[in-house]
Amino acid sequence: MATTIRPLDDRIVIKEIEAEEKTSGGIVLPDTAREKPQRGRVVAVGPGKLLDNGNRAEIGLKEGDEVLFGKYAGTEIKLNGEEIKILRESDVLAKVIS
Amino acid sequence: MATTIRPLDDRIVIKEIEAEEKTSGGIVLPDTAREKPQRGRVVAVGPGKLLDNGNRAEIGLKEGDEVLFGKYAGTEIKLNGEEIKILRESDVLAKVIS
Amino acid sequence: MATTIRPLDDRIVIKEIEAEEKTSGGIVLPDTAREKPQRGRVVAVGPGKLLDNGNRAEIGLKEGDEVLFGKYAGTEIKLNGEEIKILRESDVLAKVIS
Amino acid sequence: MATTIRPLDDRIVIKEIEAEEKTSGGIVLPDTAREKPQRGRVVAVGPGKLLDNGNRAEIGLKEGDEVLFGKYAGTEIKLNGEEIKILRESDVLAKVIS
Amino acid sequence: MATTIRPLDDRIVIKEIEAEEKTSGGIVLPDTAREKPQRGRVVAVGPGKLLDNGNRAEIGLKEGDEVLFGKYAGTEIKLNGEEIKILRESDVLAKVIS
Amino acid sequence: MATTIRPLDDRIVIKEIEAEEKTSGGIVLPDTAREKPQRGRVVAVGPGKLLDNGNRAEIGLKEGDEVLFGKYAGTEIKLNGEEIKILRESDVLAKVIS
Amino acid sequence: MATTIRPLDDRIVIKEIEAEEKTSGGIVLPDTAREKPQRGRVVAVGPGKLLDNGNRAEIGLKEGDEVLFGKYAGTEIKLNGEEIKILRESDVLAKVIS
């Protein structure tokens, strides 16, 4: 059985989308941008950010979503042979709709 | 079908207005200003900033609005061949009414 | 028709009052002051600062008010041939009553 | 008619008390103090600091009060030939009772 | 009549206790401590810190209390010939009970 | 009887998982990662973070959980001959499900 | 009669536990740790941290508790011939249960 990880707080787990993979065709991430964003697919979603009243804010992303996020955000690990990234929802710039 | 992106949180997507494009005529952005603002047209609007009570604050902008924003705000990407910018609503200085 | 701009959040638009313009006579802004304030007239007012409960705080200024503000506050643009400044209400020191 | 100014937010307007002016006799402000406080008389009071709930906190000072405040606080201007200072209520250390 | 001062906000007025004065005997403040605390007697108490809801938090000290406070806290002035210090309640480490 | 410790606030106590120990097989923590995460097992959980309303937020971890956390987080001590770490819940990146 | 001190706010008073004193045996504090924690016994507890609503949060420690705390936390004084430390509850890492 494959190992999985469940992110805490408002963190999500992202699998980066490599250039050779088939993705939503319309997006080009220029090399010259000041903060080059990266594309990835959401593979796990945390319970949401803790609010001052003790509840948690719902995360506006779900497994399978394609997202853009800042290059230097989050922490990289290898899970079952694949590179993944654990980052916070606030590091995600936008959701991509193909 | 064109790819679109849906910004998260209080982010909006802006298409910059080039000088040659027909725009609201009255505005001149001087080269000598300390923080030179730029003009753009809103092409997508996020769900709004998360409040302490778990609700989201409505964004005071909608698709098609012409706006002024700080030059160094946000992240640039290319979407379907066009340069766009993802920035936060708080980076928008004013809405232009022609 | 003249172009106008509508500031966002707690921002206001100010037209600086030049020395030769007839203004409230009693105020002198010394050149030697550490942070030299400037005079201006309010030409547009935003919807007010977003509060934690999702409402907006009313701005205590209206179009036509003469105000004092810090020299280095805000962003300058030219609108219909006139220099204006977009700044936050909190950058305004006081209202001048002639 | 004299020009007056009405401070915004939690700001107050102070007229500094010069050494030769008759003041409350018991206070000496040593030259050697790390942050030398200064004396002044309140000439105008703002509406109070904006609270998170949208109300304003009442300012605990009124016109005519003699106060001590930090030397480097606030902004100086000349009003009707007199030096005044616009500063925040939180820059006031104490009220002097003669 | 002696001049008195009334501190604002959560400030208190302290008269430092000199070594030769009779005080609570058990406390020694070592010269080698990183942040050497000092002893003083409370001579005036402000209305308390302003809370987010507009009320003020009661100050847990009263006139006559002997307190320990950080050496570099507050502002020194001379009042009626005596050195006093205006500091915030949060600068007080502890109350001394003899 | 073994000594135990009970962490305060939102802190937890972690026993690091050494490489030779049998663990969830799928995770590899690359040496080249910018902020190399580490694996550990939760051995004690605090009462939770203090909220503005005076309650405490429940901690989403329990004794026995395997977690990933940042290498430089927390404080190391030896307890009954074993290395443990005291860190805050917010330093935990994710829970590992084997 | 011995002098005692009563800490303010969320502060507590700690008497450090020297190595030669009989303590809970299982804990070793390695010299090589980045931030070496220290052991101590609680001798006084403040009224608790002031909350936004004006109440105070109860402190989760009581007189006699053995605690671990960061080496550089707090302020040292001598009280009745004994070294004590005044520090904040948030500087305490964990309570030791023998």
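Bear in mind that the values here come from a model prediction, so they are computed numbers and not experimental data.

About the thresholds
- Every chain's residues receive numbers from 1 upward, in the order its sequence appears when written.
- Each chain takes a letter, starting from A, and each ligand takes a number, starting from 1, following the order in which they are written.
- Whole-chain, interface and lining totals are the exception, using all residues; otherwise, since this is a predicted model, local features are given only for residues with pLDDT of at least 70 and side-chain atom pairs are given and counted only at 80 or more.
- Water and hydrogen atoms play no part in the side-chain values, which are based on all heavy atoms of the structure.
- Put simply, DSSP marks the helices as runs of H or I at least four residues long and the strands as runs of E at least two long, and each gets a number from the N terminus on.
- Classification of residues uses two cut-offs on accessible area relative to the type maximum, computed with a 1.4 Å probe and protein chains only: under 20% is buried, over 50% is exposed, and between them is partly exposed.
- Contacts are assigned to residue pairs that have any heavy atoms within 4.5 Å of one another.
- Only the protein chains shown count as cover for residues, and all accessible areas are computed by the Shrake-Rupley method using a 1.4 Å probe.
- pLDDT is defined as a per-residue confidence score from the predictor, taking values between 0 and 100.
- Buriedness for pockets is judged along seven lines, at least five of which must meet protein on both sides within 12 Å for an open set on the 1 Å grid over protein atoms alone, while cavities are sets there where a 1.4 Å probe fits but cannot get out, and lining residues have an atom within 4 Å of a point.
- Grid points are joined across faces, edges and corners, and a volume is the space filled by probe spheres set on the points.
- Throughout this entry, Asp, Glu, Lys and Arg are counted as charged residues, while Ala, Val, Leu, Ile, Met, Phe, Trp, Tyr, Cys and Pro are counted as nonpolar. The remaining residues, Gly among them, count as polar.
- For salt bridges, the criterion is a side-chain nitrogen of Lys or Arg within 4 Å of an Asp or Glu carboxyl oxygen.
- At least two DSSP bridges between two strands are required for those strands to pair.

Each helix and strand counted, chain A has 0 helices and 8 strands in total. Each helix and strand of chain A, ordered N terminal to C terminal, gives the series β-β-β-β-β-β-β-β. The buried share of chain A, taken over its 98 residues, is 49%. Partitioning the contacts of chain A with sequence separation of at least 6, the portion at a separation of at least 24 is 65%. Just so you have it, chain A exposes about 4,800 Å², and 45% of that area is on carbon and sulfur atoms.

Residue position: A:Asp65 is located in the loop between strand E4 (37-45) and strand E5 (66-70). Here A:Asp65 is in contact with A:Gly40, A:Arg41, A:Val42 and A:Lys95, once residues within four sequence places are set aside.

The subject of this paragraph is the confidence of the model for chain A. Taken as a whole, chain A shows an average pLDDT of 81; of its residues, 80% reach a score of 70 or greater. In the model of chain A, strand E3 (residues 27-28) of chain A stands out as the element of lowest mean pLDDT, 64, in contrast to strand E2 (residues 11-16) of chain A, which has the highest, 93.

With respect to the helices, strands and loops of the structure, D:Asp10 is situated in the loop between strand E1 (4-7) and strand E2 (11-16). Leaving out residues up to four positions away in the same chain, D:Asp10 has contacts with D:Gly48, D:Lys49, D:Ile59, D:Leu87, D:Arg88 and D:Glu89.

This part covers the layout of surface pockets. One way to see where empty space is left: roll a probe the size of a water molecule over the atoms. Residue and element names in this part refer to chain F. As a volume, the second largest pocket reaches approximately 910 Å³. Around the second largest pocket, the lining is made up of 37 residues, and of these Asp9, Asp10, Lys49, Leu50 and Leu51 lie nearest the centre. Here the lining of the second largest pocket is composed, by residue class, of 13 nonpolar, 3 polar and 21 charged.

Right, let's talk about the pattern of salt bridges for a bit. Residues and elements named next belong to chain A. Summed over the entire model, instances satisfying the criterion amount to 53 salt bridges over all chains. Measuring nitrogen to oxygen at the nearest pair gives 2.7 Å for the salt bridge that ties Asp10 to Arg88. Pair noted here: Asp10 is in the loop between strand E1 (4-7) and E2 and Arg88 is in strand E7 (residues 82-88), with a separation of 78 residues, a long-range link. Overall, Asp10 belongs to the buried group, its relative accessible area being 7%.

This part is about the pairing of strand E6 (residues 75-79) of chain C. Residue and element names in this part refer to chain C. Burial along E6 is one-sided: the face carrying Thr75, Ile77 and Leu79 is buried and the face carrying Glu76 and Lys78 is not. Note that E6 and strand E7 (residues 82-88) share 5 bridges and pair antiparallel. Note that in E7 the partner of Glu76 across the bridge is Lys85. Counted between consecutive antiparallel strands, the loop separating E6 from E7 contains 2 residues, among which Asn80 sits at a positive phi close to 55°.

Of note, D:Asp9 is a non-glycine position whose phi angle comes to about 60°, a positive value. Within the element layout of this structure, D:Asp9 appears in the loop between E1 and E2.

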